[in-house]
Structures are given as structure tokens and as C-alpha cells.
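# Overview (structure and organization)
Here is what each chain is made of, one letter per residue.
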Protein chains: 2
Amino acid sequence: MSHAKPEVSSSLNRFRELTARIKQYEEILGLVYWDMRTGAPRKGIELRSEAVGALSSETFKLSTSAEMGELLAELTKPEQLAQLGEIDRRLVEETAKEYERNRKIPPEMHREYVVLTSQAESAWEEAKEKNDFPGFVPYLEKIIAFNRRFIELWGAKETSYDTLLDMYEPGLTTKELDRLFGELRARLVPLAERIANSPNKPDVSFLEGTFDKEAQKKFSRHILNEMGYDFEAGRLDESVHPFATGLSSGDVRITTRYLPDDLTSALFGTIHEGGHALYEQNIMPELAGTLLCTGTSMGIHESQSRLWENMIGRSLGFWERYLPDLQANFPGQLDGVTAERFYRGINVVEPSLIRIEADELTYNLHIMIRYEIEKMLFNENLDPRDLPEVWNRKYKEALGIEPSTDAEGVLQDVHWSGGAFGYFPSYSLGNMYAAQIMDVARRDITDLDRQVAEGQLHPLKEWLTKQVYQYGKLQQPGEIIERISGKPLESSYLCDYLENKYRDIYQLD
Amino acid sequence: MSHAKPEVSSSLNRFRELTARIKQYEEILGLVYWDMRTGAPRKGIELRSEAVGALSSETFKLSTSAEMGELLAELTKPEQLAQLGEIDRRLVEETAKEYERNRKIPPEMHREYVVLTSQAESAWEEAKEKNDFPGFVPYLEKIIAFNRRFIELWGAKETSYDTLLDMYEPGLTTKELDRLFGELRARLVPLAERIANSPNKPDVSFLEGTFDKEAQKKFSRHILNEMGYDFEAGRLDESVHPFATGLSSGDVRITTRYLPDDLTSALFGTIHEGGHALYEQNIMPELAGTLLCTGTSMGIHESQSRLWENMIGRSLGFWERYLPDLQANFPGQLDGVTAERFYRGINVVEPSLIRIEADELTYNLHIMIRYEIEKMLFNENLDPRDLPEVWNRKYKEALGIEPSTDAEGVLQDVHWSGGAFGYFPSYSLGNMYAAQIMDVARRDITDLDRQVAEGQLHPLKEWLTKQVYQYGKLQQPGEIIERISGKPLESSYLCDYLENKYRDIYQLD
């Protein structure tokens, strides 16, 4: 920056300080949310939510302050931008985008929304536990009303829902998503039918039984270590809904949940969140403490969790290496199961009710249901009270099964309680990104499958660090996928991958 | 407040909002500190400390802002104060006192100090683990230098150290403390000698052995439940140095540490922190969210922890009721031990090196050593590098034993790493307050000893709530002890109590 004019230097320094402070407050807020989800006492939630509202509000005010406006006006001048280094330039661009969005929201409205969503998450937990959807409706109605108001203030894009999508995947539209999901549906639904008609069903009997929680925990930690997750820069806890949160690259926390009668839930949940965590732990140090020190979009983030969970964690090679370790953790329970049999068993395709426990194929159908419902909520004014009925009908249509309770239906996901409408598509985008990225990784890394089968997971982690992780928000999702694969996101890689995988497992012709 | 003049109402509302926000930020900062001490990953500490510095700094700025100055100038006018209700009046008085103190510290100096002490705590943990006092010295030197500067800015009272004392026990002076500690020494040192010369030593052999950690944890939780600690308004975790932290009355957290070869460490540590927690959980709801919603002084706070730990937890009646429960948790390990034998064993008086594991009597000698050293640091400019030598010599003089490592000597306590010079006397003040308060409780509560022996701990908890807990900071320490006992703090109650207790245990004549 030594060639920057003095006035630019001064603005730049003030801008760096101001955005660093916003990042610091976000880090602290992230910790408070982590705590709320991992064991904060019930009776403290109400006041805590108010405190979160106050600090979020202060953060929001900083990001929309007159000072921020002046600094951005100065720094976004073309001649000034041209003088900035890459990191500062991207920081200015990203911050300017957020500023434009945030300054349209009255601070008091923002504060109310934060308190509401903070309380709503506890209300959702309770509603899910008690299977009480009506008890959750008042929160949902308010959250949706807030989001409708935000869309008005921001200005609706082609549709209202487009405005929400853009928050999680910059530039993504319903039109584009309709096309991608249409392509997926056209190839995956017939694939699911061929699988359903195959006489070669995997044996899953060995997955039944009761699996000691402490042993599950131990194995989860083992696999995270193998993936290269750094426990000195993170920790593993339990929560109702598993999540990963990157407070800084030096503190990226994961949660999972252990089900005594389902070994795979915690196992793949942990690998999934571990994938998110590898991303956040390996962002280049130059971005530490800046607003660019996080994943570039939810779609790219989910690509990393889904890549590790499915393309590695549910691969044959992985279990050739790790099945013996798993068996050692559950003596007598998995004896005699071969890697091949285990691999087929954990990849059984079966319509199911719970998204996070779905197989790789039907998972995308779970996402499309949520996508359609969210479009109905925002583009067709669907009444939230009708959600259980719509939810159950769509499950019946798409998967042929219906939840018997709202707890295993419309109440299963945490997202809406936090106002995260528009997030769900990220999971299927992630699957598509992951398949397209893995296609290149297989060409770049010699003998990747053999390495995985030998427990050499580091070369893949290093490749992903080089290609994806290190950049944080320094590159946009589109730039990343084009740089890696030479083309924009396509649905065909995921379809090819799934067709190949299940052709083997179900011996399809 | 309906009779307040409009301009008062408006100032009062703004004042309430501003102080509520300070309290909210303090709650969040409390949570971050709790997290740092209970398992925050090492690699995130540096950036976290910066974030804590930023938020503390903002909090500090609010408390010293021009707005605060104007509001206080208005509200402290006698005619305005007279119109305020009790809570608002005390809030104004307390805030004004803090304001006067804080506004003398430049905000940047405050921020640096917060970052320093936040990093110093991690450095202390590491130094203690590695027995590396020299590694901790640079932190200690800086912290002491900051405190010397603060004293200059605040203006030294009769001595520099008096200025520090006043922060933890308003109005307390070295002169008064010299007197109180002199009286204690005059009666407790001879008592300790008579005990040392008594041929009737308690049997402690049954306390030796290895005690399962999970069983220790279970019993700790059991006793907290019995004391009336509300687990829906708190949680129990582990940390290197046990502590309690009241984030709000609905979230009062305790930590303890489990030593496999020492049953009593976690046990009495938990009861001690549980006593602190009962105080914070039972402050009247009217004070929730205000700066008055916390203990009134460290001395009164320690009186509640020490009362539960020693006067209840180390009483014969308590173990008549709870020894069978303890025995059930450690089958085969405490068989045949009678309540009487157990009671005598846990009350053995023996010079020891570690304060938090000391018996009730010599505990006060540990405190006096720290008090004398702190006076030397601030009134006589003792060089921190000489601390181990001074520490070891004083232990030799007062207790006849010397630490063989700094980890069990000068590095044993967390306090100095957080800059809490002047805090230690609170523990012995707490012992004195507790004895004076219990003297009244025994007269007010019919058959208190029998109730404890039957596991009826609620009447005592309710009495303490009524007399102490509910008030939070609404009354000053002096007001509280005078209201309860009709006189100021005296050393004689503690001396009488200890003499009586040990006369029985050691069969002194």
C-alpha cells in the first residue's frame, strides 16, 4: 500500500479498523449462538436473546453508519479501487454490497428480528420435542412477515424469492435453479426408479442394534483427526441439530448428535460438519480477522461438507481403510462385515422422512420439496398454518411416504426458525459443485482412490485447500468453479457420479 | 415513577436503557470468559482476546460517554434523586461511582489492559502447567504496571493498595484489614499450635485412593441439587481453576475440577461455587437486566460460598445425611466410615501449600500471605521477579512448609493473571461475614443443625435469600451486615466458631 495517496491510506486504515470491529462482534455473536445451541440454560435464554439483539444491533449500526457510507464512497471510486491490493479491493466490494443491503433496513427492525429469531430457535427446539407445530406457528408467521418486509425494502428481484436466494448464493435465480433442479429431477427420478426395481438390495441388517454413545464419540473424533481437522483450532460437542461454526480460523466448532440406535447419523453428520470445518480452518492467514475470512457462499460451503460426507465418507475405499477401526470400537457388533458389504449397506437408497439421514440420491428430493415450499411461501403467499399439510402432500408425491408427526415432518429442520429462507437449495448446489470439483481432483491427484483406501486423506485436503479453502471470500462461487473446472456449474457431474455409483451398488444394467 | 417530572422521566428512561445495554454487553463478555476457561480452542485465543478487547472497550466507552455524564449530572441532583424509587436511586449511585472511576482511564489504555489480561490468563495456565514462572513474568510486570498507572489516575487513597481494595470491598482500608487480620492472627495462630500439639489426630486414611471421575461428577450434581441450585438456570463444567459466573439470574454457571486421587477437591470446590451461584440465582426479579443484578461485594460473595462450603459442607450434620449417598457412589471405598469419622477427617488441620485445598483454619493464613505480598507489590514496589522467593519464604514463616515448584507456589492462583489485585482479602472477609451471619441464622431458624442433618437445606437457602441474596447490589456490604446482625463486621464470630469446632474435633481442653 506504500504507493497509495495519503488520503486513501487514511480512509483505508479507518475502513480496515471498522470492518475488523464488525468481524470481532460477529465472532462474539457466533460464540453466543454456539452456546445457545450446545447447552445454555433455558431460564437465561430470554435475557440472552435481548443481549444478542443489542450487540447485533450495534454491529448492524456500524455496518450502516454514516462513517461506513463515507469510507465506501471514497474507496469505491474507480481510481481508488485500482490502487488497492486484492484483499482490500474484495473487502471493499463485499462490504459495499452488504452496506447497500443493510442500510435499507431500519435498525430497530433489525434488532427486533434478531431477538425474534434468537427466541424462535428455542421455541422450535421445544415445538419439535413436543411435536407442537401450532406452538411454533406464531414465531414462523412473524419471521416470514419480517422477511417479506425485507424483500420489499431491498426491492424484489425477478420474484420475491430470488431476493432471498441471492443472500446465500450471490447471483443465483429461481430461473437458474428451476433449470438445474429440472435437469437433476429428469435423471435422478428415473435412477431412483431403477434402483427401486432392482432385485439386488444391499444388506443393512448389520446396521441395526444399539451402539454405545461413548464409542460413537470416540470414532467421530478419530475420523475428524484423520480428515485433518485440527482439534487445537476447534472442538466437537453435541446439539439437537448438528452444525459447524467458524468463529475464526483458529476456532471452528462442530456439533453432532449421537443416536443410540443409528450408528450412521452421528458418523456422517460429523464428517459433514468436519468438511465445513476444514474449509474454515484453512483460509489463508492474510484474511484472518477480516470479513473475507469465511466461506464464499453456502453452496460452496455445502460442497465441501457433502464432498467429505458422501464422495469420501460413503466411498468403498474409505471403508476398506476405516471399517476395521470402526469394528474395533464396537466389539462383537460388526464382526464379519466386509468393506464391500458395509459400503453397500450405508449407500442403500430408500425414501425416508428425515433429510439429514437421507441417502445421497433422494437427499436432493428433500431439498426440492423445501425449495418449492419456500417459493410458495414467498411468491404465492402460502399461509404458514398450512405448512404441515403441504409438506406431507409433497413428501407423498415425491417420495411416496408421509410423516406421521410434524416433528419428523415440517418441524425437522432448524433453518426457518433462524429465518434462513433460501438456504436449502445450497445443499443440492453443494452436491453439484462437489461432483464437478471432484471430477478435477481425480485428474489432478494421482491415484486418489488408492490414497483414500490407504487412509491418506491429506493430499485431498491439501488440494482442496489450494483450490477452494484458502480463498475464503476472496473469490466468488462462480470464479471458483470456473477456475477449477473451466466452466460454470453444471448438473451433469452429479448425475454421472450418482449413476455410476448406484450402477455398481445395485448392479443396474 | 408517575410523579416524576417529564424531563426526569426522559433522562431516567435514557439512563435505564444505557445501563441496560452495558449490562447486556457485560453478560456477553462473561460468557466469552466462561468459554475461554472451559474449553475454547487454543489457536483461537489470540483473535478472541482482540474481540474481547473491542467489546470491552465499547462497553467502557458507554460507561464513560458524554451521554452518561449528562444523564448522571441530571439524575444525581438531590431533588431528582429524591424522586427516584429505591432501585433507580441505587442504580444512579452505583453507576455514578463507576463513572467517576472509569472516566479517569483513557479508553485506549483500558482496551490494551483487557487484551493483556485476556491473553495473560492463557499464559498463566500454560506457565502453571509447565512450572514456568519466568514465562509468566512479562505478563505480570505489564499487569502490575497498568495497575500502578490506574492508581495514579484514580488517585491513591491512604496507600496505593487501599485504592485496589476499595474495588472489591467498598470502603475497606489496609488499616481496617490490618486490624481484622491482626485479631484473627492473635487467636488463630495459637489455636493452630494447640491443634498441632493435640494427640487426637483425625484419621484421614479413608480419603486416600482413586475416586472415579464420573462418580465424583454425579455426586457433585447431587449435592448442588440438594442445595437448591437450579440446573435450568445454570450448568456445571470443568476448568483448571474452579469458578462461578452469574451471566444473569437465569444463567449462573459453575465449574469445578476432578482430581482422581482427591475426593474432597471437587466436592468442596463444587459446594463453594454452588454457594456463589445460589446468591446470583436468587436476586430479586426486579433487578434482572440492571447493573444491580449481581453480588454486592466480593467479601459478601465469598461469605456465601464459604458459608456453604465450610459451615454447612464441613459440618457433622451434613455428613450424617449425605455420607450414605457418597458411599453409594463409591462402592467398597468408604465402607464402614462413620459420619463422625468422616467429619473429623475432612476437617483435619494441616499446613498445606494449595490455598483452595486448605482447611478452614489455615486457609486464612494463605490469604494473609497474599495480602502481605500484594501490599509489598503496590506499596513497596516489590519486583515481580522476586515473587517466588518472597512467596516461599512467607510460606515457610507462616505455615512451616515450602513449595518445591512454583506451580504449587506462586503460580497456583488465577487472580493476578486477570489483574485482580486486592481480591484475596475477600476470602477471609467472607469467612468473617459468614460466621457473623450464621450466628444470626442459628437463632432465627429453629433447629438448623437438625434440619441440615435431615437434608433440609431449603430453610437456610430461603433465609439467606431473604437476608442477603435477593438484594443483589441494592444494599452495600456494611448495610447488609448491620441489618442482619445489628453491628459492623467483627473478627470474633469466626474465631469463636473455629475454636468451638476444633475443640471438639481435636478434643482440646
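Residues numbered from 1 in each chain as written. Chains lettered and ligands numbered in written order. Predicted model: local features only at pLDDT ≥ 70, side-chain atom pairs only at ≥ 80, totals over all residues. Heavy atoms only, no water.

Under an unreviewed UniProt entry, the name given to chain A is Metal-dependent carboxypeptidase, and the source organism is Cohnella terricola. Recorded in UniProt under Catalytic activity (unreviewed entry), the annotation for chain A is "Release of a C-terminal amino acid with broad specificity, except for -Pro." (UniProt positions renumbered as here; feature names shortened; annotations may be inferred.)

## Notes on the relation of the copies chain A and chain B
Expressed as a screw operation, the relation of chain A to chain B combines 0.0 Å of axial shift with a rotation of 180°, fitting to an RMSD of 0.0 Å. What the rotation and shift describe, once combined, is the action of a two-fold rotation axis. Most of the interface of chain A is mirrored in chain B, where 100% of its interface residues are also at the interface. (Least-squares fit on C-alpha atoms with pLDDT ≥ 70 in both. Contact = heavy atoms within 4.5 Å.)

## Re the sheet that holds strand 2 (residues 244–248) of chain A
Residue and element names in this part refer to chain A. Spatially, three strands are ordered 1-3-2 in an open sheet, and the strand pairing comes out mixed. Either end of the sheet is taken by a strand with one partner, and the two such strands are strand 1 (236–238) and strand 2. Neighbour to neighbour, the strand axes of the sheet diverge by 25° on average, direction disregarded. For strand 2 and strand 3 (residues 251–256), the ladder comprises four bridges, and the chain directions are antiparallel. Counted as the bridge partner of Thr245 is Arg253 from strand 3. Against the sheet, helix 10 (residues 213–227) makes contact with strand 1 and strand 3, and its axis sits at roughly 145° relative to strand 1, the strand it touches most. Taken strand by strand, helix 11 (residues 263–281) contacts strand 2 and strand 3, and its axis lies near 165° from that of strand 3. (Pairing = 2+ DSSP bridges. Helix = DSSP H or I, 4+ residues; strand = E, 2+ residues; numbered from the N terminus. Axes fitted to C-alpha atoms, helices over the stretch in contact; angles between N-to-C directions.)

## Things to note about the sheet that holds strand 3 (residues 251–256) of chain B
Residues and elements named next belong to chain B. The strand order 1-3-2 describes an open sheet built from three strands, whose pairing is mixed. The open sheet terminates on both sides in strands that have one partner only, identified here as strand 1 (236–238) and strand 2 (244–248). Averaged over all neighbouring strand pairs, the angle between strand axes comes to 25°, with direction disregarded. Two strands pair when backbone bridges link them, and strand 1 and strand 3 are joined in this way by three bridges, in the parallel orientation. By the bridge assignment for strand 3, Glu238 is matched with Thr256. The strands touched by helix 10 (residues 213–227) within the sheet are strand 1 and strand 3, with strand 1 carrying the most contacts at an inclination of about 145°.

## Observations concerning helix 7 (residues 133–154) of chain B
All names here are of chain B. Counted at 1.5 Å a residue, the expected span for helix 7 with its 22 residues is 32 Å, and the 30 Å between its end C-alpha atoms agrees. The largest bend along helix 7 measures about 25° and falls at Tyr139. Every buried residue of helix 7 is accounted for by Phe133, Phe136, Val137, Leu140, Ile143, Ile144, Phe146, Asn147, Phe150, Ile151 and Trp154. In this structure, the buried side of helix 7 is in contact with helix 5 (86–102), helix 6 (107–130), helix 8 (160–168), helix 15 (363–379) and helix 16 (387–399). The N-terminus of helix 7 is capped by Asp132, whose side-chain oxygen sits 3.0 Å from the backbone nitrogen of Gly135. Of the residues trailing helix 7, Gly155 is marked for its positive phi of about 95°. (Expected span 1.5 Å × (residues − 1). Bend = angle between axes of the 7 residues up to and from the residue. Buried < 20%, exposed > 50% of the residue type's maximum accessible area, 1.4 Å probe, protein only. Polar contact = N/O pair within 3.5 Å; in protein donor to acceptor, adjacent residues only side chain to side chain.)

## Re the UniProt feature "active site" (unreviewed entry) in chain A
Residues and elements named next belong to chain A. The UniProt feature table records "active site" (unreviewed entry) at Glu273. Note on placement: Glu273 falls in helix 11. The exposure class assigned to Glu273 is buried, which follows from its relative accessible area of 8%. Leave out the neighbours within four places in its chain, and Glu273 touches Pro242, Phe243, Ala244, Ile254 and Thr255.

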